[in-house]
Amino acid sequence: MHLDVTLLSGLPASVSCAFFNFFSTQISMLQLKTSTNTPRNNPFTISLMELFFLLPWLLFSGASWASPAEGAGTTFTIKNKCPYTIWPGTLSGNGAGLLGGGGFELSPGSTASFSAPPGWSGRFWARTRCVFASSSLPPNGSCETGDCGGALHCAVGGVPPVSLAEFTLGGGGNGAAKDFYDVSLVDGYNIGIGIRPSAAAGDNCRYAGCVGDLNAQCPAELRVAADPGGETVACRSACDAFGSPEYCCTGAHGSPATCGPTRYSQLFKAACPAAYSYAYDDATSTFTCTAGATDYLITFCPATDDADKA
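First, a word on what this report is: a plain description of the structure on this page. (Residues numbered from 1 in each chain as written. Predicted model: local features only at pLDDT ≥ 70, side-chain atom pairs only at ≥ 80, totals over all residues. Heavy atoms only, no water.)

### A look at the side chain of Ser184
For Ser184, the position within the fold is in strand β8 (residues 178-184). Among the residues examined, Ser184 registers a relative accessible area of 6% and is labelled buried. Polar contacts involving the side chain of Ser184 include one to the main-chain amide nitrogen of Val186, which spans 3.2 Å. Apart from the residues within four sequence positions on either side, Ser184 is in contact with Val162, Ser163, Leu164, Glu166 and Tyr276. (Helix = DSSP H or I, 4+ residues; strand = E, 2+ residues; numbered from the N terminus. Buried < 20%, exposed > 50% of the residue type's maximum accessible area, 1.4 Å probe, protein only. Polar contact = N/O pair within 3.5 Å; in protein donor to acceptor, adjacent residues only side chain to side chain. Contact = heavy atoms within 4.5 Å.)

### Details of the packing of aromatic side chains
Two aromatic rings, taken as a pair, are described by how far apart their centres are and by the angle between their planes. On inspection of all chains with the given rule, the structure shows 16 aromatic pairs. Note on Phe124 and Phe167: the rings are 5.8 Å apart at their centroids and 85° apart in plane angle, and the pair reads as edge-to-face. Here Phe124 is found in strand β5 (residues 121-133), whereas its partner Phe167 is found in strand β7 (residues 164-168), with 43 residues between them in sequence. Arranged with centres 6.0 Å apart and planes meeting at 20°, the rings of Phe167 and Tyr181 form a pair that is stacked. With Phe167 in strand β7 and Tyr181 in strand β8, this residue pair connects regions lying 14 residues apart in the sequence. By relative accessible area, Phe167 is classed as buried at 2%. Taken together, the aromatic side chains of Phe76, Phe104, Phe114, Trp120, Phe124, Phe167, Tyr181, Phe287 and Tyr296 make up a single cluster linked through ring pairs. (Phe/Tyr/Trp six-rings, centres within 6.5 Å; stacked < 30°, edge-to-face > 60°.)

### What about helix α5 (residues 263-271)?
Taken together, the buried positions of α5 are occupied by Tyr264, Ser265, Phe268, Lys269 and Ala271. Seen end-on, α5 carries its buried residues on one side only, within an arc spanning 165°. The outward face of α5, more than 90 degrees from its buried face, is lined by the exposed residues Arg263 and Ala270. (Arc of directions from axis to C-beta.)

### Observations regarding the pattern of salt bridges
A full pass over the atoms with the stated rule returns 6 salt bridges. Across the pair Arg263 and Glu221 runs a salt bridge, and its minimum N-O distance is 3.5 Å. Here Arg263, found in helix α5, pairs with Glu221, found in the loop between β10 (208-209) and β11 (223-225); they are 42 residues apart in sequence, far enough to count as distant. Using a relative accessible area of 56% as the deciding quantity, one classes Arg263 as exposed. Note that Asp281 and Lys269 form a salt bridge whose closest N and O atoms lie 2.8 Å from each other. On the criterion of sequence distance, the pair formed by Asp281 in the loop between α5 and β13 (287-290) and Lys269 in helix α5 is long-range, its members being 12 residues apart. Among the residues examined, Asp281 registers a relative accessible area of 10% and is labelled buried. Look at Lys269 and you get buried, because its relative accessible area is 18%. Salt bridges linked by common partners bring Arg129, Glu144 and Glu231 together as one network. (Salt bridge = Lys/Arg side-chain N within 4 Å of Asp/Glu carboxyl O.)

### Brief notes about the nonpolar core
A general trend in soluble globular proteins is that nonpolar side chains are found buried together. By size, the foremost hydrophobic cluster in this structure holds 43 residues, and its most contacted members are Phe76, Phe124, Phe167, Tyr181, Ile298 and Phe300. Within the second largest apolar cluster, 6 residues are counted, among which are Leu91, Cys154, Val162 and Leu164. (Core = buried A, V, L, I, M, F, W, Y, C linked by side-chain atoms within 4.5 Å.)

On their own, these measurements won't tell you what the molecule is for.
See below:
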């Protein structure tokens, strides 16, 4: 299955006209029905109350308002290689529109694609073991990892521990000639994640992310279990677990010269060698591509050969 979703803002004129014509027609028919007091027997006629509930669904569903070719910018494709359903979350960092409505469901083996404009900045992550109430508008519930306030469509970041894919695209108003991206485990780890550019657009334009399952290697003091003594569902960062300056790179340890790797960050680095394992792990963790020259594949639960293809 392949799902195409785009930015919620900037709908094509043809779509805007279609919405206007559709709603104008429905309101006219409703007025006619009210004035004549005739029963509604047209299956395509809806009430104002139905319109009220239908509009948010149309805006936040996985429907595609435009094909990727119609939108300028960079195409992100999210792929779920996990053997279970995930609920990717997205968050914009510079006031731009949310990609994918802020979050959606993605079944095993499925992909979702959407376009971001030049200069877009934001992050992606996966939520796991979620339950959402289908009867509520907007849908709400909870996720065991990566939860964003109980909402399906995230307006805040995921609760640690959570693996992150972070991007700042070049172009637009920022004047940058390069895209910057990374996978970050600074907030901990819930599932593996990898980023692969579609083209080698620069010397440092390559795979970033994980090659192993950190949950299987997580020390007991960092483990987050589904149930007491049960399966490990996430691995906390040492900063999150202990809060001390040497792990959080704060206070006297607030610079690259005074905050180095620890035994915990080295464990994270072994599982995800091309990812941030602590705050100042820049040298082997930040990647760049020529702005506008490549699209990006974000894979959750990547296999070793995903990194080998880079």
